[in-house]
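Remarks on the overall topology
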Amino acid sequence: MITLHGTNGITFPDAVGGAVDGADLLTGWQFVSITSITAANNLNITGLAAGYDYQIILENFDVATDSCDLYFRISDDGGSNYEADAADYDYFTDQANTGNSSTGAAQIQMNSTGRGIANDAGSTSYMAVTMVNPGGTGFFHQILYEGMITDESATPQLESVRGAGRSKGGTAAIDACQFILSTGNFVAQGSILIYRRARS
C-alpha cells in the first residue's frame, strides 16, 4: 500500500517544486503560488505555461471605490499588452438572478451592471476563474468564473456570481491575464491563489 504525501516517507515530486498530495491526485489541481493583493487598479498574472488548465482565485478582496465593476482580460505576449479592443470578448454573467451579457466587449465583466462591488468596511468578495487550455492555439479560449460579491446596496448584500466568456481577439496561446477595476484600486488585503492541472 502507498501512503500519500510522505506519511510513510513517500513523496511524489511535481512540476512546481512541491509534493503531490491526495487532493492533487483526486482532482488533478496542483498549487502553484499565493501572492498578496496590492493597492492597484489592476492585478496581473503572468507566466501561464502551455499544457495546463489554470484556476486563479481572488480571495478576500475589497475595493477602495464603491460601485466599481470587476473586469478580466487576457494577453498573448507575456503581459506586455492585454486584449482590450471593442469586440475582443463575449460573456454572460449572472449575479443574484440578474444577468449581464455582451457579444462584443473590451473585457469580461464579472458582475452584473448596476450591482457593483461595495467598499464598505468589512465588505469582502471572492472570485475563482478557470481557464481551459489557455496555452492552446487555433480557437477562441473559454473562461469560466464563479464567486461571491458584496454589492453596492445601501445595506451591502453578499450575492453569488457565475458566468462564462471567451476571448475573440485572436487564437494565439494565452500566457497572462489581468483583473482590472472599472474605477479606483483594490484594497491591499486578501490573496491571489494560482492552481494548475496538467492536460496530459
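This text goes with the structure placed above it.
Attention in this report is confined to the structure presented alongside it.

Rules used throughout
- Residues numbered from 1 in each chain as written.
- Predicted model: local features only at pLDDT ≥ 70, side-chain atom pairs only at ≥ 80, totals over all residues.
- Heavy atoms only, no water.
- Salt bridge = Lys/Arg side-chain N within 4 Å of Asp/Glu carboxyl O.
- Helix = DSSP H or I, 4+ residues; strand = E, 2+ residues; numbered from the N terminus.
- Buried < 20%, exposed > 50% of the residue type's maximum accessible area, 1.4 Å probe, protein only.
- Contact = heavy atoms within 4.5 Å.
- Polar contact = N/O pair within 3.5 Å; in protein donor to acceptor, adjacent residues only side chain to side chain.

This part is about the pattern of salt bridges. On inspection of all chains with the given rule, the structure shows 5 salt bridges. As a salt-bridge pair, Asp-53 and Arg-199 come within 2.6 Å of each other at their nearest N and O atoms. Separated by 146 residues along the polypeptide, Asp-53 in strand E3 (residues 52-61) and Arg-199 in the segment after strand E12 (191-198) bring together distant segments of the chain. According to the relative accessible area criterion, Asp-53 is buried, its value standing at 6%. Among the salt bridges present, the one from Asp-90 reaches Arg-166, with a minimum N-O distance of 2.9 Å. Residue Asp-90 is found in strand E5 (residues 89-95), and its partner Arg-166 is found in strand E10 (residues 158-167); the two are separated by 76 residues along the sequence. Overlapping salt bridges bring together Asp-53, Arg-197 and Arg-199 as one network.

Assignment of secondary structure puts Ile-37 in the loop between strand E1 (29-36) and strand E2 (42-46). Linking Ile-37 and Gln-189, residues 152 residues apart in sequence, is a C-alpha distance of 5.6 Å. In this view, Ile-37 contacts Leu-43, Leu-58, Glu-59, Phe-61, Phe-186, Val-187, Ala-188, Gln-189, Gly-190, Ser-191 and Ile-192; residues no more than four positions away in its chain are not counted.

Another point: the side chain of Gln-178. Residue position: Gln-178 is located in strand E11 (residues 176-181). What Gln-178 contacts, discounting residues up to four positions off in sequence, is Asn-42, Leu-43, Asn-44, Tyr-71, Phe-72, Arg-73 and Tyr-82.

This part is about the environment of Asp-77. Tracing the backbone through its elements, the reader meets Asp-77 in the loop between strand E4 (70-75) and E5. Note on Asp-77: relative accessible area 31%, which makes it partly exposed. In this structure, the C-alpha to C-alpha distance between Asp-77 and Thr-46, residues 31 residues apart in sequence, is 9.6 Å. Polar side-chain contacts of Asp-77 include one of 2.7 Å to the side chain of Ser-75.

Moving on, we get to unusual backbone geometry. Here the phi dihedral of Ser-67 falls at roughly 70°; this positive angle occurs in a residue that is not glycine. Take Ser-67: it is sitting in the loop between E3 and E4. At Ala-96, a residue that is not glycine, the phi angle is positive and equals roughly 50°. With respect to the helices and strands, Ala-96 occurs in the loop between E5 and strand E6 (98-105). Residue class for Ala-96 comes out partly exposed when judged on its relative accessible area of 32%.

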